[in-house]
Amino acid sequence: MSTSVNADREREELLGLLASMGVKLPASTKLPLHALDERLGKALDCAFTSLTRGKDEIKLKSLTPWKKSQSLSEAMRSMSIEELVVGDFDSTPYGELRHMIANSIAFLYEQQRESQFFIEDPARNRSITMTVIGIHMVTDEIPLMAVEYKRGKVEDDDEEGAKMINSPEAHTLVVKLLELNATHLPQQSRDASLPILSFLLPLGPLSMKDIGSLTKDVGCIVCGAASTSKCSGCQLVSYCGKVCQRADWKRHRPACRSLDSGSWLTFTYMSGFTTLINRTSRSSDMPQGRHSSSAPNIHGMDAFIVKVQIAGLGGPSMLIYDRQRSFDATYMRASDPAGFQRLENVVKTGYIGQKVYLWAKRVGEQQLSICLDRKPDQSGISW
């Protein structure tokens, strides 16, 4: 029984940590723990610069020392537009981690020459002893803090050094982050008693493209394995194969509503009319120039989910785009008042009456068809 309870708690914590990074998976997902843990690692990797992506090993000696004339703590603060307005990171475990790195570790190292830190989780009697051993430049604006760390218990901490108290959830993120980064560096020794070489980079909010990729597969609804197909009728339920789909049909059949029998609105849209900016956007995420009017159709004739959002009630246009940002469509009220009003009525049923996720099909180079009365589960989508 205790093993089952611990597994449930670990699952709940992993889902909560992913959600704190914007990767919101449905609570009903049966993805196994190792898959959730792997996804958390991918999310953290997406939060970095492109330094670690696609690289097995990073050579610190090849990086230039950080310029002392530039503020380290400021450079370690990678914030979203919303956070810049508020003036601080959000209060989630991920925000707590980013606050600690930029406003505590980098600040104390820079202002007080503090190099040893004790990162403590009193609730679970966990501690990390971390020593900053050097600051390097990834680019002129992006620093890398090389560190050595060792895990232990709170009572083992020495008196000399800066102590930082974290929530259990934020502490788990710190451990995951240091372990993940250590895999990109050559380790000098496999002796478990010795500190492990790792590093810290500025952690920013995940882009909506990354969130879309990380929330795409919620696993087979029956066994939790990676999904390979969806119910061809409603497109709402994922399966790993025909065996699980057949086994689930008796349960799923009463709730299955075919998209083909839904009410669809087809309209012509404009491309490249609106820049894709959202509350998690960083300046480096902003698209440059106008999008091509002939964006390739990556979905073929298959239905896919789009986000439909309108700027205020009675606004002149709606912005519509898919999870992968393969295209962005602007639907103008003036171009089709009756159709626009039908879609607007559906949008009003969504989040604060301004955005909703719906099924869509690309039916022409500049034409989109949206299903108005077969909405996907809104709680399981976030991008």
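Given the structure is predicted, the values throughout are model-derived calculations rather than measurements. (Residues numbered from 1 in each chain as written. Predicted model: local features only at pLDDT ≥ 70, side-chain atom pairs only at ≥ 80, totals over all residues. Heavy atoms only, no water.)

Colleague: Explain the overall build of the protein to me, please; I cannot follow it from the model alone.
Modeller: Of the regular secondary structure elements, the protein holds nine helices and 15 strands. Counting across all 383 residues of the protein, residues that qualify as buried make up 48%. Pairs at least 24 residues apart make up 65% of the contacts formed inside the protein by residues separated by at least 6 positions. (Helix = DSSP H or I, 4+ residues; strand = E, 2+ residues; numbered from the N terminus. Buried < 20%, exposed > 50% of the residue type's maximum accessible area, 1.4 Å probe, protein only. Contact = heavy atoms within 4.5 Å.)

Colleague: Just checking my understanding: could you explain the pattern of salt bridges for this structure?
Modeller: Where charged atoms from two side chains of opposite charge approach closely, those side chains can pair. Scanning the model with the defined rule gives eight salt bridges in all. Among the salt bridges present, the one from Asp248 reaches Arg251, with a minimum N-O distance of 2.6 Å. On the criterion of helical spacing, the pair formed by Asp248 and Arg251 is a turn pair, its members being three residues apart in helix 8 (residues 242-252). Glu344 is the salt-bridge partner of Arg333, the closest N and O atoms lying 3.0 Å from each other. (Salt bridge = Lys/Arg side-chain N within 4 Å of Asp/Glu carboxyl O.)

Colleague: Quick question: what am I supposed to make of the nonpolar core here?
Modeller: Looking at soluble globular proteins, one finds that nonpolar side chains tend to be buried together. Residues Tyr94, Leu97, Ile105, Met130, Met145, Leu200 and Leu206 are the most contacted members of the largest nonpolar core, which totals 73 residues. No other element matches helix 5 (residues 93-112), which puts eight residues into this core. The residues touching Leu97, leaving out its near neighbours within four places in the chain, are Leu173, Val174, Leu177 and Leu203. (Core = buried A, V, L, I, M, F, W, Y, C linked by side-chain atoms within 4.5 Å.)

Colleague: Even after reading the chapter, I still don't get the sheet that holds strand 13 (residues 328-332), so can you show me in this structure?
Modeller: Two modes of strand pairing occur in sheets, parallel and antiparallel, and in both the strands are linked by backbone hydrogen bonds. With antiparallel pairing, seven strands are arranged side by side in an open sheet as 9-15-14-11-12-13-10. Of all strands in the sheet, those bounded by a partner on one side alone are strand 9 (264-268) and strand 10 (270-271). Judged from the five bridges that link them, strand 9 and strand 15 (residues 367-371) form a sheet pairing that is antiparallel. Its bridge partner lying in strand 15, Trp264 is registered against Cys371. In the packing of helix 9 (residues 337-347) onto the sheet, contacts are made with strand 9, strand 11 (304-310), strand 12 (317-322), strand 13, strand 14 (355-364) and strand 15, and the angle to strand 12 comes to roughly 65°. (Pairing = 2+ DSSP bridges. Axes fitted to C-alpha atoms, helices over the stretch in contact; angles between N-to-C directions.)

Colleague: Whenever I open this one, the environment of Ser271 confuses me. Can you help?
Modeller: Along the chain, Ser271 falls in strand 10. A sequence separation of 24 residues divides Ser271 from Ala295, and the C-alpha atoms of the two residues are 8.5 Å apart.

Colleague: When you look at the packing of aromatic side chains in this model, what are you seeing that I'm missing?
Modeller: Counted by the stated rule, this structure contains four aromatic pairs. Ring geometry for Phe267 and Tyr331: centres 3.9 Å apart, planes at 15°, overall stacked. Of this pair, Phe267 sits in strand 9 while Tyr331 sits in strand 13; the two residues are 64 residues apart in sequence, bridging distant segments of the chain. Both rings, one in Tyr269 and one in Phe327, keep their centres 5.9 Å apart while their planes meet at 40°; by these two values the pair is tilted. Residue Tyr269 is located in the loop between strand 9 and strand 10, and its partner Phe327 is located in the loop between strand 12 and strand 13; the two are separated by 58 residues in the primary sequence. Phe327 matches Tyr269 in its accessibility class, with the two residues each being buried. The ring of Trp264 has Lys361 sitting right over it, with the charged end atom 5.3 Å from the ring centre. Between Arg362 and the ring centre of Phe327, over which it is positioned, the NZ or CZ distance is 5.0 Å. (Phe/Tyr/Trp six-rings, centres within 6.5 Å; stacked < 30°, edge-to-face > 60°. Lys NZ or Arg CZ within 6 Å of the ring centre and 35° of its normal.)

Colleague: Got a minute to help me understand the packing of helix 2 (residues 33-46) against helix 6 (residues 168-182) in this structure?
Modeller: Each pair of packed helices can be described by the angle between their axes along with the distance between the axes. One way to put it is that helix 2 packs onto helix 6 with a least axis distance of 10 Å and a crossing angle of 75°. With respect to each other, helix 2 and helix 6 are oriented roughly perpendicular. The segment helix 2 lies against helix 6, with Asp37, Leu40, Gly41, Leu44 and Asp45 engaging Leu173, Lys176, Leu177 and Leu180. Taken together, the residues that form the contact of helix 2 with helix 6 break down as five nonpolar, one polar and three charged. (Parallel < 35°, antiparallel > 145°, perpendicular 65-115°, else oblique. Nonpolar A, V, L, I, M, F, W, Y, C, P; charged D, E, K, R; others polar.)

Colleague: Please explain a negative patch on the surface as it appears in this structure.
Modeller: Residues Glu155, Asp156, Asp158, Glu159 and Glu160 make up a contiguous surface patch of negative charge. Relative to the elements of secondary structure, Asp158 occurs in the loop between strand 4 (143-152) and strand 5 (162-165). Overall, Asp158 belongs to the partly exposed group, its relative accessible area being 47%. (Patch = residues over 30% accessible without salt bridge, like charges linked within 9 Å, V, L, I, M, F, W, Y side chains within 5 Å. Areas by Shrake-Rupley, 256 points an atom, 1.4 Å probe, with all protein chains shown as cover. Lys, Arg positive; Asp, Glu negative; His and termini not counted. Charge placed at Lys NZ, Arg CZ, Asp CG, Glu CD.)

Colleague: What is the right way to look at helix 5 in this model?
Modeller: Helical geometry note: an α-helix holds 3.6 residues per turn, so side chains three or four residues apart project in the same direction. Remark: the principal bend of helix 5, roughly 30°, maps to Met100. Just beyond helix 5, the residue with positive phi is Arg113, at close to 55°. (Bend = angle between axes of the 7 residues up to and from the residue.)

Colleague: Looking at this structure, how should I read a nonpolar patch on the surface?
Modeller: Residues Ile81, Val85 and Val86 make up a contiguous nonpolar surface patch of about 300 Å² in total accessible area. When you line up the elements, Ile81 lands in helix 4 (residues 81-86).

Colleague: Can you walk me through helix 9 in this structure?
Modeller: Of the positions making up helix 9, those classed as buried are Gly339, Phe340, Leu343, Glu344, Val346 and Val347. The buried residues of helix 9 all sit within an arc of 155° when viewed along its axis, so they share a single face. Across from the buried face of helix 9, at angles greater than 90 degrees, the exposed residues are Pro337 and Ala338. Taken together, the buried residues of helix 9 touch strand 9, strand 11, strand 12, strand 13, strand 14 and strand 15. (Arc of directions from axis to C-beta.)

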